[in-house]
Amino acid sequence: MTITATVPAFQLPDTDPEAGLALGFDSRVLASNPAARALAQRAGTERVADLLPVNTQALINASLSQGRAIADVESRLPGLICLWTFIPDQASGQVLARGRNATDDIRKLDEATRSSRLYRLITENTTDLISRHAPDGRFIDATPASWRLLGYWPEELRGKPLEDVFRGSDVVEKLSETRNLLRDDGYATMTLEIIHRDSSRRWFEISSRAIRETYTGAVIEIISVSRDITARVESEENNRRLADELAHTARLATLGELASSIAHEMNQPLATIVNFASASQRYLKTADNRPGSLARVDDGLQKIIHHANRAAEVIK
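Keep in mind the model is a prediction, meaning the values are calculated, not measured. (Residues numbered from 1 in each chain as written. Predicted model: local features only at pLDDT ≥ 70, side-chain atom pairs only at ≥ 80, totals over all residues. Heavy atoms only, no water.)

Caption draft 1: View of the environment of Asp 299. With respect to the helices and strands, the residue Asp 299 is situated in helix α9 (residues 292-315). C-alpha separation for the pair Asp 299 and Ser 280, spaced 19 residues apart in sequence, amounts to 8.6 Å. (Helix = DSSP H or I, 4+ residues; strand = E, 2+ residues; numbered from the N terminus.)

Caption draft 2: How the structure looks around empty space enclosed by the protein. On inspection of all chains with the given rule, the structure shows 1 cavity of 30 Å³ or more. Forming the walls of the largest cavity are 17 residues, and the residues nearest its centre are Leu 162, Leu 175, Thr 178, Ser 208 and Ser 224. Only β6 (129-133), α7 (171-184), β9 (201-212) and β10 (219-228) provide two or more residues apiece to the lining of the largest cavity. If you tally residues by element for the lining of the largest cavity, the top one is α7, at 4 residues. Of the residues assigned to the lining of the largest cavity, the class counts are 9 nonpolar, 7 polar and 1 charged. (1 Å grid on protein atoms, 1.4 Å probe; cavity = no way out; pocket = protein on both sides within 12 Å on 5 of 7 lines; lining within 4 Å. Points joined across faces, edges and corners; volume = space filled by probe spheres on them. Nonpolar A, V, L, I, M, F, W, Y, C, P; charged D, E, K, R; others polar.)

Caption draft 3: Spatial organisation of the sheet that holds strand β7 (residues 139-142). Overall, antiparallel pairing links the 5 strands, which are arranged β7-β6-β10-β9-β8 in an open sheet. In the strand order of this sheet, the two ends are held by β7 and β8 (187-195), each with one partner. In this sheet, neighbouring strand axes are inclined to one another by 25° on average, regardless of whether the strands run parallel or antiparallel. Pairing of β9 with β10 involves 9 bridges; the strand directions are antiparallel. Residue pairing in the sheet places Ile 211 in a bridge with Glu 221 of β10. Of the strands in this sheet, β9 and β10 are in contact with helix α8 (residues 230-285), which crosses β9 at around 130°. (Pairing = 2+ DSSP bridges. Axes fitted to C-alpha atoms, helices over the stretch in contact; angles between N-to-C directions. Contact = heavy atoms within 4.5 Å.)

Caption draft 4: Fine view of the nonpolar core. Within the largest apolar cluster, 23 residues are counted, with the highest numbers of intra-cluster contacts made by Leu 21, Leu 51, Trp 84 and Phe 86. Going through the elements one at a time, β1 (19-23), α1 (34-42), α2 (56-66), β3 (70-77), β4 (80-89) and β5 (94-101) are the ones with two or more residues in this core. Ranked by size, the runner-up nonpolar core spans 17 residues in total, among them Phe 139, Phe 166, Val 171 and Ile 194. (Core = buried A, V, L, I, M, F, W, Y, C linked by side-chain atoms within 4.5 Å. Buried < 20%, exposed > 50% of the residue type's maximum accessible area, 1.4 Å probe, protein only.)

Structure below.
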């Protein structure tokens, strides 16, 4: 291979918008165009060679030995990211390095990658089921939580109608109401009792939002978040049952107190009646010898009538 070390083998037009550097086999810069020098100025350096990747020599060797261009090689400087393509000329032993400012593109790509990684982290680890649906309710996709909550893997759900997965007594009616709300308001929530794939009963709280076509406003997709609230519903039912039992116990206690109060109120007149009856019997036995005893018997009978009437009022 013939090598000329100082005369550039490449034309570098001044009007080329991309940075161009003619490089020798030893990575020396033989020539540069105005775009390259402007890029170096933006990076805060006077040497255009500083714009190149740190492994430029290895890239030159590889492109010359393999006889092919090496594209999209990244170099990073403070506030600047460049993508370079190394194009070999084996006859001269030189390489043309063409670079462009890819700072915005790569930062957007990095941000999209981070967002995608975060989305996967959330969807793969959330305990709630996040699902996408066609307007008719068919599953488009679902997160892995579908296996724990429904007994189906996401791959099994794709294309299935909601009615085939959410089985229950009033499921069809509630799904119809939800579709109407999504069409009219774009948002709907519902609480649904379903039969799990393992035949157990589960309670779900489902929040859904409609995605509309920009110009027509038609619903093109539905995003739903489903949460298993079985434990909460069972706890509320237990609380209601305990509250009913407590109320029943309270009623029994009140009835016991009432009975005790009535017994107390009745004991007094009854005891008095017994006492006067006993006294009247004694007076009657002595009536033959003591005429005044009859008057005492009459008085006792009147008091017996009085206290009997009092007992009747208590019962009333």
